[in-house]
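# Results of the structural survey
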Number of protein chains: 2
Amino acid sequence: MRVYDLIMKKRNGAVLSRAEIEYLITGYVDGSIPDYQMSALAMAICFQGMNDEETLNLTMAMVNSGDTISLQEIAGIKVDKHSTGGVGDTTTLVLIPLVAAAGVPVAKLSGRGLGHTGGTLDKLESIPGFRTEMTVADLIAAVKSIGVAVAGQTGNLVPADKMLYALRDVTATVDSKPLIAGSIMSKKLAAGADALVLDVKAGDGAFLKSREEAFDLAQAMVEIGNGAGRETVAVVTNMDQPLGRAVGNALEVEEAILTLRGEGPPDLEELCLVLGGWMLCLAGKIPDPEEGKAVLKKLIENGAALRKFKEMIKNQYGDDAVTENLALLPHTTNKINVKATGEGYISRLRAEVIGVAAMTLGAGREKKDSIMDPAVGIILEKKAGDRISAGETIAVVHAREEAGADLIASVDEMIRSAYELHDKPVDKPTLVFGSVDMKGR
Amino acid sequence: MRVYDLIMKKRNGAVLSRAEIEYLITGYVDGSIPDYQMSALAMAICFQGMNDEETLNLTMAMVNSGDTISLQEIAGIKVDKHSTGGVGDTTTLVLIPLVAAAGVPVAKLSGRGLGHTGGTLDKLESIPGFRTEMTVADLIAAVKSIGVAVAGQTGNLVPADKMLYALRDVTATVDSKPLIAGSIMSKKLAAGADALVLDVKAGDGAFLKSREEAFDLAQAMVEIGNGAGRETVAVVTNMDQPLGRAVGNALEVEEAILTLRGEGPPDLEELCLVLGGWMLCLAGKIPDPEEGKAVLKKLIENGAALRKFKEMIKNQYGDDAVTENLALLPHTTNKINVKATGEGYISRLRAEVIGVAAMTLGAGREKKDSIMDPAVGIILEKKAGDRISAGETIAVVHAREEAGADLIASVDEMIRSAYELHDKPVDKPTLVFGSVDMKGR
């Protein structure tokens with residue numbers, strides 16, 4: 001087998017066999033296939049695509065490139081959840097305790113990553129004392145004991161993805177459906193869950209701007225998951241405006257606690273119920289995701305979900321009093337109200353611009369070594385569909401104490417520019433566009 | 001300017017500006033742009049192509065990546081000739097003295113390269129004593145003195161092409177029209193000729209199999225040459241069967257001498273007259289290429305062309321008696337007649353197969369360090385359109401003395417398989433498919 005021939009084969013639009021794909025991934029990871037051949041292949045894949053079988057074979061070859069985690073010691077069906085990413089996406093923080101409260105074991109491996117805000121780990125670490133470093137054995141023990149735990153990624157999971165992603169990132173080969181699907185799914189499959197619920201986001205704040213692209217990717221990932229023997233369902237959701245009101249690390253933990261108390265923003269709560277409903281369904285707790293929503297709603301109302309969060313925080317050495325006293329979370333004293341200049345109905349609140357504004361404040365990481373501030377971020381007081389008058393506060397900026405006037409002025413300007421107004425009433429945007437489920441539930 | 005953005009721009013099918021192309025080529029040569037980005041770009045170019053302006057800008061950026069040769073000291077219009085390569089292509093050996101005999105200065109920089117036989121340098125070096133190492137100053141002095149000289153490539157001409165070609169060769173990005181055109185034309189432009197005649201070959205023994213592809217490439221190269229201010233004409237010719245009868249280094253020198261004596265194979269002579277006619281035309285010697293053919297035919301008949309070859313051989317320290325005594329060229333005593341097994345009219349004589357057979361005998365280089373034997377090769381006794389009977393000799397193999405029976409049997413089998421027979425008479429194939437000339441001559 002020669003790499004040259006395989007690149008040419010894909011360039012010509014032919015289908016690579018399982019053995020050929022395994023040869024390519026194994027060779028790339030062991031260093032026998034150089035970056036310059038892999039980047040040419042990646043570009044050919046961008047143009048010629050991969051069919052479902054190739055995409056599954058690519059994913060499995062990537063899974064097998066490193067360690068995999070087994071969660072078999074934990075009784076029951078372990079359901080993981082993945083979001084393709086958006087602005088103010090606090091669903092994971094809410095879902096971890098919420099689903100665990102329903103008796104579904106949650107052994108969550110999470111990441112930090114680059115973005116407008118930190119990853120789930122960074123957010124949880126804004127709770128004083130909270131620790132996420134643990135071995136897989138510790139994670140399993142914690143789940144067996146209290147039903148839920150969140151850990152940083154450990155071991156050499158999917159090295160092929162780390163290498164390939166770094167290469168794609170500098171060769172303009174990131175946005176290829178099979179490569180994206182393979183990258184996401186390989187990590188999820190290696191992390192050992194039995195079933196997966198995917199939140200595939202579409203809109204301004206997502207990397208997929210159109211619903212069509214999002215449904216395409218959702219379909220590809222659902223095919224991979226089920227092809228790999230893990231029941232997988234995808235929900236395609238709206239990321240045109242930020243989800244909920246908070247964008248920032250501690251601010252999102254605060255929002256998660258509010259949501260677990262039943263006082264969260266309606267869009268965030270609704271999406272958590274939809275995704276959580278599917279998780280309960282795939283865990284075999286209830287036959288129908290709609291029914292799952294009702295079960296979860298009750299766990300919020302009766303305080304069980306918040307208690308589970310408290311239990312988890314305590315078990316991971318965090319200050320569990322934060323669930324009652326939000327003031328214990330890091331806060332900045334430098335808060336600035338952003339005022340509307342015009343008036344009308346908000347037709348759009350561009351998530352991407354808000355994300356960049358949050359990153360500018362220091363809420364996220366532009367580079368791996370960027371320093372992130374847990375306290376900073378933005379609270380959106382008004383969202384699409386709301387009416388605003390000139391001078392009214394539309395958002396509150398939580399800035400570092402030492403933030404200069406220029407930075408504040410620039411963030412203020414960004415946030416105001418993210419709001420688009422219309423003179424007639426505008427409907428609230430649709431939150432869930434649909435789902436991809438092979439069983440048609 | 002970011003390489004990532006330029007790769008993405010080309011991936012999306014947009015046109016790269018002159019400054020962008022210069023940035024890419026300069027950065028690649030100085031090492032600031034890594035192979036893996038350049039190979040991704042090359043693959044994107046394979047899919048999206050380049051327009052005429054981009055291709056010219058690419059070519060000029062490559063020319064400017066290293067040294068260029070000036071032939072201005074030599075009076076008159078210097079016309080170079082390039083062939084895209086085929087099997088038994090002895091035209092350059094004939095044209096160098098032939099065109100020089102017509103008073104056109106020929107300062108030929110030539111290469112060795114990989115292929116079924118050696119390059120022009122290798123072939124000339126099979127003449128005892130012949131030397132091709134000389135400086136550009138020596139080359140110019142020789143042309144000023146006797147009107148003709150052939151030298152090996154010297155200096156750091158077009159380093160961008162060397163790097164890019166080596167990369168394309170291992171990333172399945174060789175066959176892209178703009179990249180091929182840029183590679184060929186950058187080397188020709190850097191070598192300093194005022195005008196260019198290109199022999200673009202189509203057929204089994206050429207890298208372009210179809211006439212359409214050959215005309216496309218011819219058009220692209222003619223656009224580049226004229227765009228760069230060097231009058232350029234392309235002739236698209238048939239390389240479905242080998243040109244002439246000889247395939248091998250010394251065997252082709254012998255055939256060139258025969259052709260200069262007026263005793264060469266008709267197809268080789270005809271193509272030399274066509275290409276040479278164009279060279280005279282671009283050199284301003286005659287207005288019309290057809291007229292040039294007649295001038296050159298006369299120089300063969302009156303012995304002037306052969307005398308010029310003799311003069312050049314002597315000037316480059318070779319044994320000029322070879323022009324009268326072909327036995328002075330290296331010959332092997334191990335000659336094997338290949339006999340026809342069937343009978344009928346030769347409908348096709350596949351050049352590629354004959355080329356591989358010659359390489360198997362040791363006439364060419366598979367790798368840079370392969371050892372080439374000047375004496376070995378194949379003489380084709382029968383060609384397309386000829387009638388053959390079973391048992392008749394169709395070709396003569398000139399093998400190394402030490403060649404084993406297995407090798408001979410395999411070459412014999414290859415050669416016989418290259419001949420395709422038909423039971424009805426078959427026309428001789430068309431030699432010249434047409435030309436690409438911006439002035440429509």
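What you see is a predicted model; the values in this text were computed from it and never measured. (Residues numbered from 1 in each chain as written. Chains lettered and ligands numbered in written order. Predicted model: local features only at pLDDT ≥ 70, side-chain atom pairs only at ≥ 80, totals over all residues. Heavy atoms only, no water.)

### Remarks on the overall build of chain A
Along the backbone of chain A there are 16 helices and 13 strands. Principal axes of the C-alpha set define a box for chain A whose edges measure 70 × 45 × 40 Å. Burial analysis of chain A (441 residues in total) assigns 59% to the buried set. Of the roughly 17,000 Å² of accessible surface on chain A, a fraction of 49% belongs to carbon and sulfur atoms. Here chain A contributes 47 positive and 60 negative side-chain charges, whose respective centroids are spaced 2 Å apart. (Helix = DSSP H or I, 4+ residues; strand = E, 2+ residues; numbered from the N terminus. Buried < 20%, exposed > 50% of the residue type's maximum accessible area, 1.4 Å probe, protein only. Areas by Shrake-Rupley, 256 points an atom, 1.4 Å probe, with all protein chains shown as cover. Lys, Arg positive; Asp, Glu negative; His and termini not counted. Charge placed at Lys NZ, Arg CZ, Asp CG, Glu CD.)

### Considerations on the sheet that holds strand S11 (residues 393-399) of chain B
All names here are of chain B. Read from one edge of the open sheet, 4 strands run S6-S9-S11-S7, paired in antiparallel fashion. The open sheet has two edge strands, strand S6 (246-248) and strand S7 (334-339), and neither has a second partner. Across the sheet, the axes of successive neighbouring strands diverge by a mean angle of 15°, strand direction being ignored. The sheet contact formed by S6 and strand S9 (residues 377-380) spans 3 bridges and is antiparallel. Residue pairing across strands places Ala 246 opposite Ile 379, the latter belonging to S9. Across the sheet, helix H15 (residues 351-361) lies against S6, S9 and S11, angled at about 140° from S9, the strand it touches most. (Pairing = 2+ DSSP bridges. Axes fitted to C-alpha atoms, helices over the stretch in contact; angles between N-to-C directions. Contact = heavy atoms within 4.5 Å.)

### Structural notes on the sheet that holds strand S12 (residues 419-422) of chain B
In any sheet, the strands associate via hydrogen bonds between backbone groups, in a parallel or an antiparallel arrangement. All names here are of chain B. Spatial strand order, S10-S8-S12: 3 strands in an open sheet with antiparallel pairing. Because the sheet does not close on itself, it has two edges, and the strands there are strand S10 (387-388) and S12. Both strand S8 (residues 344-349) and S10 contribute to a ladder of 2 bridges, which runs antiparallel. Looking across to S10, one finds that Gly 344 is bridged to Ile 388.

### Side note on the interface of chain A and chain B
Counting residues at the interface gives 23 residues for chain A and 23 residues for chain B. Between chain A and chain B the total buried area reaches about 1,900 Å² when both faces are included, carbon and sulfur atoms providing 67% of it. Inspection of the region where chain A meets chain B yields 2 salt bridges. Between Arg 11 of chain B and Asp 175 of chain A there is a salt bridge, with the nearest N and O atoms lying 2.7 Å from each other. Between chain A and chain B we count 9 residue pairs in polar contact (both at pLDDT 80 or more) in total. Where the side of chain A that touches chain B is concerned, the elements lending two or more residues are helix H1 (3-11), helix H3 (35-48) and helix H8 (159-170) of chain A. Taken together, the residues of the side of chain A that touches chain B break down into 13 nonpolar, 5 polar and 5 charged. (Buried area = accessible area lost by both parts, 1.4 Å probe. Salt bridge = Lys/Arg side-chain N within 4 Å of Asp/Glu carboxyl O. Polar contact = N/O pair within 3.5 Å; in protein donor to acceptor, adjacent residues only side chain to side chain. Nonpolar A, V, L, I, M, F, W, Y, C, P; charged D, E, K, R; others polar.)

### Examining the domain arrangement of chain A
Residues and elements named next belong to chain A. You can read the domains of chain A as domain 1 (3-49), domain 2 (79-325) and domain 3 (332-422). With centres defined by C-alpha atoms, the gap from domain 1 to domain 2 works out at 32 Å. Counting residues at the interface gives 11 residues for domain 1, matched by 11 residues for domain 2. Across the domain 1 to domain 2 interface the summed buried area is about 940 Å²; carbon plus sulfur atoms make up 87%. (Domains from an automatic or database assignment.)

### Some details on the packing of helix H9 (residues 177-190) of chain B against helix H10 (residues 211-227) of chain B
Residue and element names in this part refer to chain B. At a closest axis distance of 9 Å, the pairing of H9 and H10 adopts a crossing angle of 45°. By the angle between their axes, H9 is oblique relative to H10. At the point where H9 passes H10, the crossing takes the right-handed sense. In contact with Lys 177, Ile 180, Ala 181, Gly 182, Ile 184, Met 185 and Leu 189 of H9, H10 contributes Asp 216, Leu 217, Ala 220, Met 221, Ile 224 and Gly 225. For the contact of H9 with H10, the residue count by class is 9 nonpolar, 2 polar and 2 charged. (Parallel < 35°, antiparallel > 145°, perpendicular 65-115°, else oblique. Left-handed = near helix turned anticlockwise from the far one by under 90°.)

### Looking at the environment of Val 426 of chain B
All names here are of chain B. Within the element layout of this structure, Val 426 appears in the loop between S12 and strand S13 (432-437). Distance in space between the C-alpha atoms of Val 426 and Gly 385 is 5.0 Å, their sequence separation being 41 residues. Residues within four places of Val 426 in sequence aside, it is in contact with Tyr 345, Ile 346, Ser 347 and Gly 385.

### Let's talk about the relation of the copies chain A and chain B
At an RMSD of 0.0 Å, chain A and chain B line up after a rotation of 180° and a shift of 0.0 Å along the axis. Considering both components of the superposition, the chain copies are consistent with a two-fold axis. Taking C-alpha positions as reference, the residue of chain A nearest the rotation axis is Tyr 36 of chain A, located at 1.8 Å. Interface overlap between copies: 100% of the residues of chain A at the interface are likewise at the interface in chain B, consistent with a symmetric, same-surface contact. (Least-squares fit on C-alpha atoms with pLDDT ≥ 70 in both.)

### Some thoughts on the packing of aromatic side chains
Considering all chains together, one arrives at 1 aromatic pair over all chains under this definition. When the ring of Phe 47 of chain A is compared with that of Phe 47 of chain B, the centres are 4.3 Å apart and the planes differ by 0°; the resulting orientation is stacked. With Phe 47 of chain A in helix H3 and Phe 47 of chain B in helix H3 (residues 35-48), this pair bridges two chains. The class for Phe 47 of chain A is partly exposed, based on a relative accessible area of 25%. Over the face of the ring belonging to Tyr 345 of chain A we find Arg 387 of chain A, whose NZ or CZ atom lies 5.4 Å from the ring centre. Across the ring face of Tyr 317 of chain B, the terminal group of Arg 131 of chain B is positioned such that the distance to the ring centre comes to 4.2 Å. (Phe/Tyr/Trp six-rings, centres within 6.5 Å; stacked < 30°, edge-to-face > 60°. Lys NZ or Arg CZ within 6 Å of the ring centre and 35° of its normal.)

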